[in-house]
Amino acid sequence: MSQTDTAETRTNRTESQSVSTTTGETVEETQAEWTTYEGGGETKLAVDDLDVHYGSDHALKGVSMDIPEESVTALIGPSGCGKSTFLRCLNRMNDRIRAASVDGTVTLDGENIYQDGVDLVELRKRVGMVFQSPNPFPKSIRENVSYGPRKHGDIETGLLARLTGRADPGREEALVEQSLERAALWEEVRDRLDDNALGLSGGQQQRLCIARCLAVDPDVILMDEPASALDPIATSKIEDLIEDLAEDYTVVVVTHSMQQAARVSDQTAVFLTGGELVEYDDTEKIFENPESQRVEDYISGKFG
Amino acid sequence: MSRVTQTALVRDDRTLYEAAAGLAVGLSGVAFVTGLAALLNIVAIDDPVAGLELSVLFGVVLLGLGATTVGFGVASRFDYVETGAQPSAGIVAAAAFTAIWLAVGAAVSGAAGLGTVGQLGVGVFLGAAAFATTAFPREDIGSTMPAGAVAVLCGLALVTGVVGPGWEQALAGYNATLFGDTVVPAVVLFASLVTGWSAAKAYGGFGARGRNVGAYVLTYLVVGSILAVLVGLVAFVTVRGLPGLFNGFSVGGAGLLSWPFLTNGAGLLADIAGVFPALLGTVWLVIGAVLFAVPTGVGAAVFLSEYAEQGRFTGAVEVATNGLWSTPSIVFGLFGAAFLIPRFGNQKSLIAGMLTLGFMLLPLVLITSREAILAVPDEYRDASAALGVSKWQTIRSVVLPAAIPGVTTGVILGVGRIAGETAPILLTMGGGVLPAKSAAPNVLGGFQLSASPPFVSNPALLEATSALPYQLYALITAGLSGNIQNPQEYAWGLALTLLLVVLVFYAIGIGTRYYFRRKLHQ
Ligand SMILES: Nc1ncnc2c1ncn2[C@@H]1O[C@H](COP(=O)(O)OP(=O)(O)OP(=O)(O)O)[C@@H](O)[C@H]1O
Ligand SMILES: [Mg+2]
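Within an unreviewed UniProt entry, the label attached to chain B reads Phosphate transport system permease protein PstA, and the organism entered is Halonotius roseus. The record held by UniProt for chain B lists under Subcellular location (unreviewed entry) the comment "Cell membrane". According to the UniProt record, the Sequence similarities (unreviewed entry) comment for chain B reads "Belongs to the binding-protein-dependent transport system permease family. CysTW subfamily."

Naming follows an unreviewed UniProt entry, where chain A appears as Phosphate ABC transporter ATP-binding protein of Halonotius roseus.

In structure tokens, the structure reads:
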């Protein structure tokens with residue numbers, strides 16, 4: 001039984017490989033088109049021929065795209081097509097998944113983050129991430145927000161710092177307020193900053209995680225469905241935030257809402273089932289005049 | 001009471017039925033509690049109550065309960081009241097009543113002088129009959145008839161005095177005798193449990209709701225009795241220990257506490273012999289063992305669950321730690337005696353005892369810490385890593401705080417075990433049977449600095465020291481000597497002190513755990 005299974009998967013894989021080689025030319029043509037796509041400005045992150053396997057499961061297939069700085073890039077596609085997987089490649093969170101193996105290169109400001117000797121702690125300070133499901137620490141709201149800066153030594157608390165006069169509670173307060181404000185959560189929690197974050201609602205937790213990420217002040221912010229548990233008002237606040245952020249940061253956002261992608265993003269990448277990047281272009285172009293029939297079908301809801 | 005499907009069918013007699021069943025449950029509960037009190041010798045079964053001997057009164061109550069229980073079943077079966085009875089009481093109830101009646105049959109026929117074959121025959125016959133009665137008729141009959149009959153039988157035995165205060169039965173082959181004051185309460189406990197369950201089912205109108213109420217009453221009575229036994233045990237030691245513990249206790253005019261039992265030694269000079277040296281010995285012993293075992297155990301747990309590759313190595317360590325935790329304490333004691341004592345001045349010493357008990361505590365701290373660390377959700381680790389925080393900082397600021405309540409639970413359990421250990425102390429720490437106050441370890445004041453390595457020394461740690469369980473053991477084996485006025489009282493006071501010391505350590509541990517849990521979840 002298991003033998004036939006593996007045999008099957010093996011033939012499947014060779015088949016899919018042969019398919020990709022037979023259609024190789026067309027693929028390369030379109031790829032050529034994508035790489036010439038330059039988006040808004042300088043390339044912040046350049047992804048080249050990225051493959052991800054989970055064990056024998058091929059989750060991302062030869063993805064290449066350039067993400068321009070100080071802009072919003074939306075990733076859309078049906079569930080299970082590899083959007084989160086792709087996002088995790090950009091700050092190497094996939095390294096933490098045992099089964100995952102990544103091939104290809106991702107360069108951040110011209111440096112390959114997949115070469116030997118990359119300091120993952122530094123990388124993740126520069127490429128922050130908001131997860132698909134909210135995951136606040138079992139600490140107070142204040143401690144959640146100031147966690148990153150504290151651990152990086154940007155804010156000093158604790159006895160020693162207080163004794164030597166290096167502690168600056170005002171700075172912490174300001175940072176907490178500013179981060180929560182930007183994440184549209186300040187008004188709701190200003191009176192209970194010392195309460196445990198696990199007591200917040202799902203949507204509040206989601207915004208808290210955004211605030212926690214902002215407090216670290218990364219260059220690139222990866223957001224995996226940041227508005228999935230939010231009501232329309234909070235969603236629109238988050239969308240405003242994303243647009244604001246794009247003035248200083250590079251934002252990559254996964255979303256299931258076409259409208260959201262159309263509203264907030266400068267460019268959109270469409271992944272389709274099987275882990276391929278089918279089309280990547282200016283958001284307007286994707287939604288009004290996509291190259292590929294499959295993308296058009298997906299956007300108009302004919303195909304999931 | 002919401003009974004949606006039956007609302008239209010509610011009649012007056014239904015409430016009467018319910019009230020009667022409720023009363024029967026209550027009466028069963030009272031009988032159960034009184035039986036428990038009799039078992040613990042709080043009341044005597046030959047005390048006269050309302051003109052009757054208590055055991056006869058028990059019999060009357062059981063007869064009444066048995067009869068009404070049967071009545072509940074019959075009333076329901078012949079539709080005097082509407083209930084939700086199902087077609088059968090079920091295979092579990094049937095099996096239980098089979099076992100009960102098999103035992104009852106064997107016991108009664110044995111008492112009647114039938115031989116083994118006869119006993120077996122009667123037991124099997126009654127068991128089969130009980131099975132048939134429980135399994136085949138409708139639920140209301142099946143769960144009341146066998147139960148009621150048990151109670152009636154027990155009640156008859158008590159009322160007629162077949163089993164009563166003067167009853168005794170030598171157990172062949174056991175070299176022991178059963179007396180009435182044990183058997184009567186046991187019979188009452190058992191019969192009232194059965195009728196309580198049965199009447200509770202009737203109260204719930206049989207069916208799903210009846211089973212629910214039945215299970216509820218059954219679990220409450222059983223849990224209650226276990227708690228009662230535990231409380232009884234503590235109460236027993238407390239009652240016997242209090243006179244010794246408070247011997248000479250006084251609160252002086254200036255609010256000064258004088259508690260000679262806890263502050264005196266047992267030397268010739270002391271008016272009232274006390275347990276101070278051993279008390280202090282136990283306290284230091286536990287503190288030393290915890291100080292040794294908690295950092296090492298938690299450190300090892302962090303390494304094993306956060307850094308080591310999960311695989312054969314960690315598996316082997318796990319098996320080894322589990323094995324160590326179940327290793328008998330005398331083996332640890334031998335290790336201490338053979339390995340530690342030669343290294344600490346070749347004599348029994350406080351530090352040898354601390355380390356030995358620390359080694360004993362280590363595996364449990366390691367096991368529970370490991371489990372607590374593994375139970376911390378990976379999301380916390382991912383979230384921290386994604387913020388650019390290093391692994392060690394993540395462990396220190398997220399993983400360990402989330403694991404503290406679990407670690408504390410392990411330490412609480414472990415301290416309970418080591419504080420009462422005698423064998424390892426016997427081999428490694430020694431100390432006198434009746435140490436004088438001067439023999440108390442002066443650990444805090446004992447530190448001395450010196451100019452040559454190891455620069456710090458503490459003679460108090462290197463001296464043989466007594467501890468409460470060891471002193472208790474030594475007192476008992478040495479035969480209580482005449483040096484102290486009331487050796488019995490002294491020994492019980494000592495036992496109570498040990499119990500209190502363990503409880504205080506528990507309280508500290510539980511307080512710590514509560515504090516950290518609150519911090520995590522509130
Ligand atoms: N940790 C993992 N181990 C094994 N396979 C995984 C793992 N994470 C994802 N996958 C697989 O990789 C594929 C892509 O998953 P991914 O989570 O990236 O999808 P997604 O596009 O984010 O979907 P969704 O919109 O539902 O979040 C799926 O087939 C999934 O089963
Ligand atoms: Mg996803």
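Participant: What is the right way to read the overall build of chain B from this model?
Facilitator: Within chain B, the secondary structure is distributed over 18 helices and eight strands. Taken against the 2.2 N^0.38 rule, which gives 24 Å for 522 residues, the C-alpha radius of gyration of chain B at 31 Å runs more than 25% over that of a compact globule. Judged by the C-alpha coordinates and their principal axes, chain B covers about 95 × 70 × 60 Å. Looking at chain B alone, contacts between residues at least 24 apart form 75% of all its contacts between residues at least 6 apart. Accessible surface for chain B amounts to roughly 25,300 Å². Of this, 70% is attributable to carbon and sulfur atoms.

Participant: Would you explain the overall build of chain A in this entry?
Facilitator: Per the secondary structure count, chain A includes 13 helices and 10 strands. Counting over 304 residues, chain A shows a buried share of 49%. For chain A, restricting intrachain contacts to residue pairs at least 6 apart in sequence, the fraction spanning at least 24 positions comes to 66%. For chain A, the exposed area adds up to about 14,400 Å²; of that, 45% sits on carbon and sulfur atoms.

Participant: Where do I start with the site of ligand 1 in this structure?
Facilitator: Residue and element names in this part refer to chain A. Close contacts around ligand 1 come from 14 residues, with Ser79, Lys83, Ser84, Thr85 and His256 the closest. At 2.5 Å, a side-chain N or O of Ser79 approaches an oxygen atom of ligand 1. Within the side chain of Thr85, one N or O atom sits 2.5 Å away from an oxygen atom of ligand 1. Here ligand 1 loses 66% of its free accessible area of 630 Å² to cover by the protein chains. The element contributing the most residues to the shell around ligand 1 is helix α3 (residues 83-90), with four residues.

Participant: Hey, could you run me through the pattern of salt bridges in this one?
Facilitator: Any two side chains of opposite charge can pair, given that their charged atoms come close. All names here are of chain A. Scanning all chains against the criterion turns up 24 salt bridges over all chains. Between Asp95 and Arg92 there is a salt bridge, with its nearest N and O atoms 2.7 Å apart. For Asp281, the salt bridge is made with Lys285, and the minimal N-O distance between the two is 3.7 Å. By relative accessible area, which is 26% here, Lys285 ends up partly exposed. Salt bridges here are not isolated pairs; linked through shared partners, they connect Lys44, Asp109, Arg126 and Asp219.

Participant: When you look at the packing of aromatic side chains in this model, what are you seeing that I'm missing?
Facilitator: Here a ring pair, both rings aromatic, is described through the centre-centre distance and the interplanar angle of the planes. All names here are of chain B. The full count for this structure, using the stated rule, is 16 aromatic pairs over all chains. Taking 5.9 Å as the distance between ring centres and 50° as the angle between the ring planes, the aromatic pair formed by Phe97 and Trp197 counts as tilted. In this pair, Phe97 is assigned in helix α3 (residues 91-111) and Trp197 in helix α7 (residues 180-203), connecting sequence segments 100 residues apart. Trp197 gets classed as buried once you look at its relative accessible area, which sits at 15%. Members of the aromatic cluster, joined through ring pairs, are Phe292, Phe335, Phe339 and Phe359. It is Arg343 that lies over the ring of Phe339; its NZ or CZ is 4.0 Å from the centre. The positively charged end of Arg417 is found above the aromatic ring belonging to Trp325, 4.7 Å away from the centroid.

Participant: In this structure, what is going on with the environment of Ala167 of chain A? I would like to understand it.
Facilitator: All names here are of chain A. Examined against the element boundaries, Ala167 turns out to sit in the loop between α6 (158-163) and α7 (169-182). By relative accessible area, Ala167 is classed as partly exposed at 22%. Each C-alpha atom of the pair Ala167 and Glu156 lies 5.0 Å from the other, and the pair is 11 residues apart in sequence. Residue contacts for Ala167: discarding those within four places in its chain leaves Glu156, Ala161 and Arg162.

Participant: Looking at this structure, I do not really get the nonpolar core. What am I missing?
Facilitator: Taken as a class, soluble globular proteins show a tendency for nonpolar side chains to be buried jointly. If you look at the biggest cluster of nonpolar residues, it comprises 71 residues, and the most contacted ones within it are Phe137 of chain A together with Leu285, Leu350, Leu468 and Tyr490 of chain B. Secondary-structure elements contributing two or more residues to this core are α8 (207-245), α10 (276-307), α12 (329-340), α13 (350-374), α14 (378-386), α15 (391-419), α17 (468-478) and α18 (487-521) of chain B. At 12 residues, α13 of chain B tops the list of elements feeding residues into this core. Here Leu468 of chain B is in contact with Val275, Ala278, Leu279, Thr282, Leu494, Thr497, Leu498 and Val501 of chain B, once residues within four sequence places are set aside. In terms of nonpolar packing, the next biggest core, distinct from the first, is built from 46 residues, Val145, Val189, Tyr249 and Val270 of chain A among them.

Participant: Quick question: what am I supposed to make of the side chain of Ser76 of chain B here?
Facilitator: All names here are of chain B. Mapping Ser76 onto the fold places it in helix α2 (residues 54-77). For Ser76, a relative accessible area of 0% translates into the label buried. Of note is the side chain of Ser76, whose polar atom sits 2.8 Å from the side chain of Thr83. Among residues more than four places away in sequence, those in contact with Ser76 are Tyr17, Val81, Thr83, Arg138, Asp140 and Phe206.

Participant: Before we go on, may I ask you to explain the sheet that holds strand β4 (residues 100-108) of chain A in this structure?
Facilitator: Note: strands within a sheet are paired through backbone hydrogen bonds, in either parallel or antiparallel orientation. Residues and elements named next belong to chain A. With antiparallel pairing, four strands are arranged side by side in an open sheet as β2-β1-β4-β5. Two strands lie at the open edges of the sheet, namely β2 (57-68) and β5 (111-112), each paired on one side alone. When strand β1 (residues 43-54) meets β2, the two strands line up antiparallel, connected through eight bridges. For Thr43, the partnering residue across the bridge sits in β2 and is Pro68. On the sheet, α3 packs against β1, β2 and β4 and is oriented at approximately 125° with respect to β1.

Participant: When you look at the coordination of the magnesium ion (ligand 2) in this model, what are you seeing that I'm missing?
Facilitator: Four donors placed tetrahedrally around a metal ideally meet at 109.5 degrees, and six donors placed octahedrally ideally meet at 90 or 180 degrees. Those donors, Ser84 of chain A (OG) and Gln132 of chain A (OE1), are the protein atoms that reach the magnesium ion (ligand 2), and they lie 1.9 to 2.4 Å from it. On the criterion of sequence distance, the pair formed by Ser84 of chain A in helix α3 and Gln132 of chain A in the loop between β6 (127-130) and α5 (141-152) is long-range, its members being 48 residues apart.

Participant: What am I meant to see in the domain arrangement of chain B here?
Facilitator: The domains assigned to chain B are domain 1 (2-89 + 137-224) and domain 2 (278-441 + 459-486). Placing a centre on the C-alpha atoms of domain 1 of chain B and another on those of domain 2 of chain B gives a separation of 48 Å.

Participant: Would you mind showing me how to read a negative patch on the surface here?
Facilitator: Residue and element names in this part refer to chain A. Together, Glu70, Asp154, Asp217, Asp240, Glu243, Asp244, Glu247, Asp248, Asp266, Asp282, Glu284 and Glu288 make up a negatively charged patch on the protein surface. The set of elements that each furnish at least two residues to the negative patch consists of α10 (232-245) and α12 (283-288). No other element matches the three residues that α10 contributes to the negative patch. Of note, Glu70 is situated in the loop between β2 and β3 (72-76).

Participant: Please clarify how the sheet that holds β6 of chain A should be interpreted in this entry.
Facilitator: Residues and elements named next belong to chain A. Ordered by their spatial adjacency, six strands build an open sheet running β6-β7-β8-β3-β9-β10, and the pairing between neighbours is mixed. Bordering the open sheet on either side are β6 and β10 (276-282), each of which pairs with just one other strand. When strand polarity is set aside, the average angle formed by the axes of neighbouring strands in this sheet is 15°. Bridge analysis of strand β9 (residues 267-272) against β10 gives six bridges, and the strand direction is antiparallel. If you follow Leu272 over to β10, its bridge partner there is Glu276.

Participant: Honestly, helix α9 (residues 202-215) of chain A in this entry has me stumped. Any pointers?
Facilitator: An α-helical turn contains 3.6 residues, so a residue and the one three or four places further along point in the same direction. All names here are of chain A. Between its first and last C-alpha atoms α9 spans 20 Å; for 14 residues at 1.5 Å apiece the expected length is 20 Å, and the two agree. Across the 14 residues that make up α9, a large majority, 13, are buried. One or two residues past the end of α9 sits Asp217, with phi positive at roughly 60°.

Rules used throughout
- Residues numbered from 1 in each chain as written.
- Chains lettered and ligands numbered in written order.
- Predicted model: local features only at pLDDT ≥ 70, side-chain atom pairs only at ≥ 80, totals over all residues.
- Heavy atoms only, no water.
- UniProt positions renumbered as here; feature names shortened; annotations may be inferred.
- Helix = DSSP H or I, 4+ residues; strand = E, 2+ residues; numbered from the N terminus.
- Rg over C-alpha atoms; globule rule 2.2 N^0.38 Å.
- Contact = heavy atoms within 4.5 Å.
- Areas by Shrake-Rupley, 256 points an atom, 1.4 Å probe, with all protein chains shown as cover.
- Buried < 20%, exposed > 50% of the residue type's maximum accessible area, 1.4 Å probe, protein only.
- Near = heavy atom within 4 Å.
- Polar contact = N/O pair within 3.5 Å; in protein donor to acceptor, adjacent residues only side chain to side chain.
- Salt bridge = Lys/Arg side-chain N within 4 Å of Asp/Glu carboxyl O.
- Phe/Tyr/Trp six-rings, centres within 6.5 Å; stacked < 30°, edge-to-face > 60°.
- Lys NZ or Arg CZ within 6 Å of the ring centre and 35° of its normal.
- Core = buried A, V, L, I, M, F, W, Y, C linked by side-chain atoms within 4.5 Å.
- Pairing = 2+ DSSP bridges.
- Axes fitted to C-alpha atoms, helices over the stretch in contact; angles between N-to-C directions.
- Donors = N, O, S within 2.8 Å, 3.2 Å for Na, K, Ca; no water.
- Domains from an automatic or database assignment.
- Patch = residues over 30% accessible without salt bridge, like charges linked within 9 Å, V, L, I, M, F, W, Y side chains within 5 Å.
- Lys, Arg positive; Asp, Glu negative; His and termini not counted.
- Charge placed at Lys NZ, Arg CZ, Asp CG, Glu CD.
- Expected span 1.5 Å × (residues − 1).

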